[in-house]
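Take a look at the letters that make up each chain.
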Amino acid sequence: MAERARVAILISGRGSNMAALLYASRADDCPYEVALVSGDRPNAPGLDLAEAEGISILRLDSKKSGSSYWNELQTSLEKASIDVVALAGFMRIIPADFVERWAGRMINIHPSLLPKYRGLHTHQSAIDNRDSVTGATVHLVTSEVDSGAILSQVEVAILPDDTAEALASRVLIAEHQLYARTLSQFVSRERDPDWIVERVGQIAFALPETRFKTSHGAPGWKVGSPSSDKFFAIMWMKHHGEESVAVLVKCGGQDEMATLIEADPAQYFRPQYYGPSDWIGIRLDRPGVDWDHVAEWLQRSWQISAPARLTKLMTIAEEF
Ligand code: GRF
């Protein structure tokens, strides 16, 4: 099985969603593993559970650590090579720079059908408003609370004599299933070839005078006027017997290619047929791809391939 995505779960309390994610990860075909459980309260009951289950835990105290809390947390996430952060009943407001660092890789579960009922007391609000259904939402975390892009939702019926507690416990059952399923889909999405091609395309089209063209059947992107355009990025999608999905970009020559591959063989490779003309392969169907780094490579390759009239403009723009 492919390498599993490494997930950190942040909690503040009992951690029943954390437990649901953890037990789901025990299935042989689960695409993620729980690599770390932490939070803001050192005595959160969920931490004891995770510890008993043999998961690495980190007992941080946001009150005691004050402003260094977020740095400590970030350092431990990096040390554990975390790919995705899942918030599960984590009650701290997250500072903007931390959100920014994990943009697109941090998700949360909220007990309502967002955008309805952000914040606390969601079940009581749904009952007070005489709603017939409520539910739960998994969404990306952005700096505005409970407002990021919605990844999935599940509906739960409200019974005529429901109390907030009774409703909360039924919603919780639905949450546990929704969260595990959504996290699995979320981490798998990044290995889906169609998703990867779309992402590379977005980066390629952000560069001037870029055109889509296939190269021997593989999606590719060219720069320059139609009569003299050149490829600067080509997808490598298993049809040369390769195991992985990768993008090929132009590098500075054979020496640079050899050095990069030696330093990081999990990321770089020398593609058959293309390698001799200085194309290097960057693997993209693995967890934790650094897309900013991929964008830098595409820009560099674009610069090598683009006509002088375009690269001059780019250089001038960079000087300002
Ligand atoms: C859940 O209802 C979740 O939706 C909300 O906080 C609660 C946490 O419960 N964000 P638990 O700690 O996962 O049991």
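First, a word on what this report is: a plain description of the structure on this page. These figures come from a predicted structure and were not determined experimentally.

1. Brief notes about the site of the ligand
Argument step 1. In the region of the ligand, the neighbouring residues are Arg14, Gly15, Ser16, Asn17, Gly89, Ile109, His110, Pro111, Leu172 and Glu175.
Argument step 2. Taking Ile109, its main chain carries an N or O atom lying 3.0 Å from a nitrogen atom of the ligand.
Argument step 3. Note that an oxygen atom of the ligand is positioned 2.7 Å from one of the side-chain N or O atoms of Glu175.
Argument step 4. Relative to its free-state accessible area of 370 Å², the ligand is covered by the protein chains to the extent of 84%.
Argument step 5. Among the cavities detected, the one that contains the ligand is the largest pocket.
Argument step 6. When its residues are assigned to classes, the shell around the ligand shows three nonpolar, five polar and two charged.

2. Considerations on the packing of helix α1 (residues 16–24) against helix α2 (residues 45–52)
Argument step 1. Where α1 contacts α2, the two axes come as close as 10 Å, and the packing angle between them is 20°. Viewed along their axes, α1 and α2 adopt a mutual orientation that is roughly parallel. The interaxial crossing formed by α1 with α2 has right-handed handedness. Listed contacts from α2 to Met18, Ala19 and Tyr23 of α1 are Gly46, Leu49 and Ala50.
Argument step 2. A per-class count over the contact of α1 with α2 returns five nonpolar, one polar and no charged.

3. Notes on the packing of helix α8 (residues 193–205) against helix α10 (residues 291–305)
Argument step 1. Closest axis-to-axis distance for the α8/α10 pair is 10 Å, and the angle between their directions is 55°. Between α8 and α10, the angle is such that the two are oblique. Judged by the twist between their axes, the crossing of α8 over α10 is right-handed. Every residue of α10 that contacts α8 at Trp195, Ile196, Arg199, Val200, Ile203 and Ala204 is listed here: Trp291, Val294, Ala295 and Leu298.
Argument step 2. Of the residues contributing to the contact of α8 with α10, the split by class is nine nonpolar, no polar and one charged.

What counts and how
- Residues numbered from 1 in each chain as written.
- Predicted model: local features only at pLDDT ≥ 70, side-chain atom pairs only at ≥ 80, totals over all residues.
- Heavy atoms only, no water.
- Near = heavy atom within 4 Å.
- Polar contact = N/O pair within 3.5 Å; in protein donor to acceptor, adjacent residues only side chain to side chain.
- Areas by Shrake-Rupley, 256 points an atom, 1.4 Å probe, with all protein chains shown as cover.
- 1 Å grid on protein atoms, 1.4 Å probe; cavity = no way out; pocket = protein on both sides within 12 Å on 5 of 7 lines; lining within 4 Å.
- Sits in = over half its atoms within 2 Å of the grid points.
- Nonpolar A, V, L, I, M, F, W, Y, C, P; charged D, E, K, R; others polar.
- Axes fitted to C-alpha atoms, helices over the stretch in contact; angles between N-to-C directions.
- Helix = DSSP H or I, 4+ residues; strand = E, 2+ residues; numbered from the N terminus.
- Parallel < 35°, antiparallel > 145°, perpendicular 65-115°, else oblique.
- Left-handed = near helix turned anticlockwise from the far one by under 90°.
- Contact = heavy atoms within 4.5 Å.

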